Amino acid sequence: MLPFFKGQTVTKSYKTLFVCQQCGKESPKWLGHCSDCQGWNTFVETQVRTSRGGGTSPFPSQSPALELSQITVEDSPRLLPPSSEFNRVLGGGIVPGSLVLISGDPGIGKSTLLLQVSAGIAQQGKKVVYASGEESSYQTRMRADRLAIKGEGLYLLAQTDLEGIIQQMESIGPSLAVIDSIQTVYLRDLEGAPGSISQIRECTLRLMQWAKVSAVPLLVAGHVTKEGAIAGPKALEHIVDVVLYLEGESFSAYRLLRGIKNRFGSTNEVGIFEMGEHGLAEVENPSRVFLSQRSQQPVGSVVAATLEGTRPLLVEIQALTNVTSFGLPRRTANGIDLNRLQLIIAVLTKRAGLRLSNQDIIVNVVGGLKISEPAVDLAVALSVASSFSDREMDPNLIALGEIGLSGEVRAVSQPERRLVEAVRQGFTRCIGPQASLNSLTPPRGMETIAVNSLGEALRAALKSKSKPGM
Ligand code: TYD
Ligand code: MG
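The structure displayed is predicted, hence computed values, not measured ones. (Residues numbered from 1 in each chain as written. Chains lettered and ligands numbered in written order. Predicted model: local features only at pLDDT ≥ 70, side-chain atom pairs only at ≥ 80, totals over all residues. Heavy atoms only, no water.)

Draft legend 1. The pattern of salt bridges, seen in detail. According to the stated counting rule, one finds 19 salt bridges in the structure shown. Here Arg340 makes a salt bridge to Glu402, at a shortest N to O gap of 3.8 Å. Taken as a pair, Arg340 in helix 8 (residues 338-352) and Glu402 in strand 18 (residues 402-403) lie far apart in primary sequence, 62 residues in all. The exposure class assigned to Arg340 is partly exposed, which follows from its relative accessible area of 24%. (Salt bridge = Lys/Arg side-chain N within 4 Å of Asp/Glu carboxyl O. Helix = DSSP H or I, 4+ residues; strand = E, 2+ residues; numbered from the N terminus. Buried < 20%, exposed > 50% of the residue type's maximum accessible area, 1.4 Å probe, protein only.)

Right under this line is the structure:
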């Protein structure tokens, strides 16, 4: 242990404040409405640690300034669980002394992932402590049986008292520790039930401090709900070193592990898993999986080439248009942003002359994926136009391009990577922005159709009709 950390762990100076349970905003008096997160009735009287003597930083309050060049970096190797998808998202394994927060909806598979990673490290002959406040050791054992984990070197701890957990971890001396979940642990001398924002925050700071002192990496699970209603992980993101989100739709078996913040690597990386009978399995060729059930005469279906981090991924975008039976037309977007869809519909109507104002429009990204990249705009537009005009699309065509308000098709980043993946999956034609396609040599077997405007794209992709729409 570094000498200046000694005796500095828990201080007992606390004060009473009102804290928003949604975003962590503090106020000296009770407020009905939170001006930060706009929540109503979210303030709860809470004890928080005062900044004096301990503070909110895991580092000592007095340490001399050091010249950057004088700081030596010890080459401590990262832990490498046997999951390339997990390591990819972390930027090459788990850094010693780091605190990694894995958040996601309840039931999405956080505990499963953490148990599998723990077992992977334990298999390498290293000790791992798995502290679960959510499930009894018996339940964890049953889960481990399902995952075919034997569990040598994996120490289960069904405890929620954080100081107790830390004591146990110190006596075991693990190479990795898991806390499942941050909402169930508590510090005894702090008021507030486990899961309240002050407990969550103080516990994370305590764990952060312990991780830095002991150089043991910690993986911490945290639940979030879709509305962010339950206090927690959001308010912790600035404290911890790495934030990963495990996401997916409950009806779909696919899970995406996404890096949101990473002090040791790039964010934007995505790991893709499939939840099966034996836990989470890595998906090595995601494009093939997401395209596997595609029809060969697709109407209202276009494949887009997106980039998830540095990884190209082909996804099928489907659209269905139908005359509105009464009242306002409905627009539904699954997997893309609804506002983005509204924009694309507006551009299709105004700039390409498609009469969509009396059409219900549903757009769906197949496989339960969520895509936030505007490079899928053109695929969305083409799928809507194809469904509306009842024209088949070329099944070997992929589309890329962002759509601007004046109907222009705008450049996308790294078109080469996307095209290479498209060829690998057997696609032979690509329609996309001139700005991206004209400056590159397409991979062998790929014909490119460069367009400037949405109108041009519609004419090129929906060939059999002289004028799109009607
Ligand atoms: P879990 O890891 O408990 O979720 P979290 O910790 O995020 O709340 O995952 C629970 C779901 O995963 C549950 O609905 C059952 C499913 N599951 C499988 O489909 N296969 C498995 O092998 C395991 C262990 C869980
Ligand atoms: Mg769990």
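Draft legend 2. Representation of the packing of helix 8 against helix 9 (residues 377-389). At a minimum axis distance of 10 Å, the contact between helix 8 and helix 9 shows a crossing angle of 60°. Here helix 8 lies oblique to helix 9, going by the angle between them. Taken as a pair, helix 8 and helix 9 cross one another with a handedness that is right-handed. The residues of helix 9 that touch helix 8, namely those facing Arg340, Leu341, Ile344 and Leu348, are Asp377, Val380, Ala381 and Val384. When grouped by side-chain class, the residues that make up the contact of helix 8 with helix 9 number 6 nonpolar, no polar and 2 charged. (Axes fitted to C-alpha atoms, helices over the stretch in contact; angles between N-to-C directions. Parallel < 35°, antiparallel > 145°, perpendicular 65-115°, else oblique. Left-handed = near helix turned anticlockwise from the far one by under 90°. Contact = heavy atoms within 4.5 Å. Nonpolar A, V, L, I, M, F, W, Y, C, P; charged D, E, K, R; others polar.)

Draft legend 3. Broad picture of the pairing of strand 20 (residues 429-433). Most of strand 20 is tucked away: 5 of the 5 residues are buried. Where strand 20 meets strand 21 (residues 447-451), 5 bridges bridge the pair, whose relative direction is parallel. Across the sheet, the residue bridging to Gly432 is Ala450, located in strand 21. (Pairing = 2+ DSSP bridges.)

Draft legend 4. Structural context of the site of ligand 1. Close contacts around ligand 1 come from 17 residues, with Gly107, Ser111, Thr112, Gly276 and Gly279 the closest. Gly109 is positioned with one of its backbone polar atoms (N or O) 3.0 Å from an oxygen atom of ligand 1. Glu277 has a polar backbone atom sitting 3.0 Å from an oxygen atom of ligand 1. Among the secondary structure elements, those contributing two or more residues to the shell around ligand 1 are helix 2 (110-123), helix 3 (137-146) and strand 11 (270-276). When residues in the shell around ligand 1 are grouped by element, the largest group, 3 residues, is from helix 2. Across the shell around ligand 1, the residue classes break down as 4 nonpolar, 8 polar and 5 charged. (Near = heavy atom within 4 Å. Polar contact = N/O pair within 3.5 Å; in protein donor to acceptor, adjacent residues only side chain to side chain.)

Draft legend 5. The sheet that holds strand 7 (residues 176-180), seen in detail. In space, the 9 strands of this open sheet follow the order 6-5-7-8-4-9-10-11-12, with mixed pairing throughout. Whereas interior strands pair on both sides, the edge strands pair on one side only; in this sheet they are strand 6 (154-157) and strand 12 (279-282). For this sheet, the mean angle separating the axes of adjacent strands, direction not counted, is 25°. Two elements, strand 7 and strand 8 (residues 218-223), share 3 bridges in a ladder whose sense is parallel. Each bridged residue has a counterpart across the sheet, and for Val178 the counterpart in strand 8 is Leu219.

Purely spatial values, then, with no claim about function.
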